[in-house]
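Coordinates in review
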Amino acid sequence: MSREKTLILIKPDGVQLGLVGESINRIERKGYQLEALKVVNASKDQLEHHYSELIHKSFFREIEKYMQEGPIVAIIASGPHIIDVFHRMSGNTNPSLASFGTIRGDFGRESNDGIIRNIVHSSDNVEHAKEEIKIWFPEL
Ligand code: CMP
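This text gives an overview of the structure that appears in the document. Note that the coordinates shown come from a computational prediction; the quantities given were computed from them, not determined experimentally.

Notes on the sheet that holds strand β2 (residues 33-40)
Here four strands make up an open sheet; going across it, the order is β2-β3-β1-β4 and the pairing antiparallel. Looking at the sheet topology across the chains shown, the edges are occupied by β2 and β4 (120-122). When the angles between neighbouring strand axes are averaged without regard to direction, this sheet yields 20°. Against the sheet, helix α5 (residues 82-90) makes contact with β1 (3-10), β3 (72-80) and β4, and its axis sits at roughly 35° relative to β1, the strand it touches most.

Here's what the structure looks like:
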């Protein structure tokens, strides 16, 4: 059994749409454990680290704008294969392409301004999870 930790962010649209409880409910219903949780306003520095692989993309400024539209809920959750499973529970990056039954498929809306607002983020591998946990929970 591979017990893993992952970093989950409920992004500004998820918070504004009132999906904090729903997202946490899905984490718990799947049997995963909450290890840490906080409400945070993302700083430029945190976003540049978190999205370091996208920093040279044309849409990086849009991601920054989006992620600073309001508070974020940062969560460390753990459980067997949580990285892969929570990714599948989140669904496709584009909410219009995400399957029903996933968080993005059930609740995501496509925006008219081209910014992909998709409610949640989660780490995509063990290395990234460690790095991302440090970015959002430097005190741990
Ligand atoms: P995520 O899977 O967290 O990783 C990168 C994020 O950038 C993605 O979700 C989207 O929320 C965000 N994003 C905003 N605009 C774009 C865009 N034009 N193309 C791709 N990703 C975008």
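From this point, things continue past the structure.
Considering the side chain of Glu-64
Within the secondary structure, Glu-64 sits in helix α4 (residues 60-67). Of note is the side chain of Glu-64, whose polar atom sits 2.5 Å from the side chain of Arg-61. Not counting residues within four places of it along the chain, the set of residues in contact with Glu-64 comprises Lys-44, Leu-47 and Glu-48.

Some details on the side chain of Ser-90
Mapped onto the fold, Ser-90 is located in helix α5. With sequence-adjacent residues up to four places away left out, Ser-90 is seen in contact with Thr-102, Ile-103, Arg-104, Val-120 and Ser-122.

Things to note about the environment of Gly-79
Within the element layout of this structure, Gly-79 appears in strand β3. Through-space distance from the C-alpha of Gly-79 to that of Thr-6 is 8.8 Å; in sequence the pair is 73 residues apart. Residues contacting Gly-79, with those up to four places away along its chain left out, are Ser-2, Arg-3, Glu-4 and Tyr-32.

Description of the pattern of salt bridges
Evaluation of the coordinates by the stated rule reveals 10 salt bridges. We note a salt bridge from Asp-106 to Arg-26, for which the minimum N-O separation is 2.9 Å. Placement of Asp-106 in helix α6 (residues 103-107) and of Arg-26 in helix α2 (residues 20-29) is noted, with a sequence separation of 80 residues between them. Residue class for Asp-106 comes out partly exposed when judged on its relative accessible area of 33%. Given a relative accessible area of 10%, Arg-26 falls into the buried group. Lys-65 serves as the salt-bridge partner of Glu-69, at 3.4 Å between the closest nitrogen and oxygen. We classify Lys-65 as partly exposed; its relative accessible area is 46%. Here the salt bridges share partners, and the residues they tie into one network are Lys-44, Glu-48, Arg-61 and Glu-64.

Calculation notes
- Residues numbered from 1 in each chain as written.
- Predicted model: local features only at pLDDT ≥ 70, side-chain atom pairs only at ≥ 80, totals over all residues.
- Heavy atoms only, no water.
- Pairing = 2+ DSSP bridges.
- Helix = DSSP H or I, 4+ residues; strand = E, 2+ residues; numbered from the N terminus.
- Axes fitted to C-alpha atoms, helices over the stretch in contact; angles between N-to-C directions.
- Contact = heavy atoms within 4.5 Å.
- Polar contact = N/O pair within 3.5 Å; in protein donor to acceptor, adjacent residues only side chain to side chain.
- Salt bridge = Lys/Arg side-chain N within 4 Å of Asp/Glu carboxyl O.
- Buried < 20%, exposed > 50% of the residue type's maximum accessible area, 1.4 Å probe, protein only.

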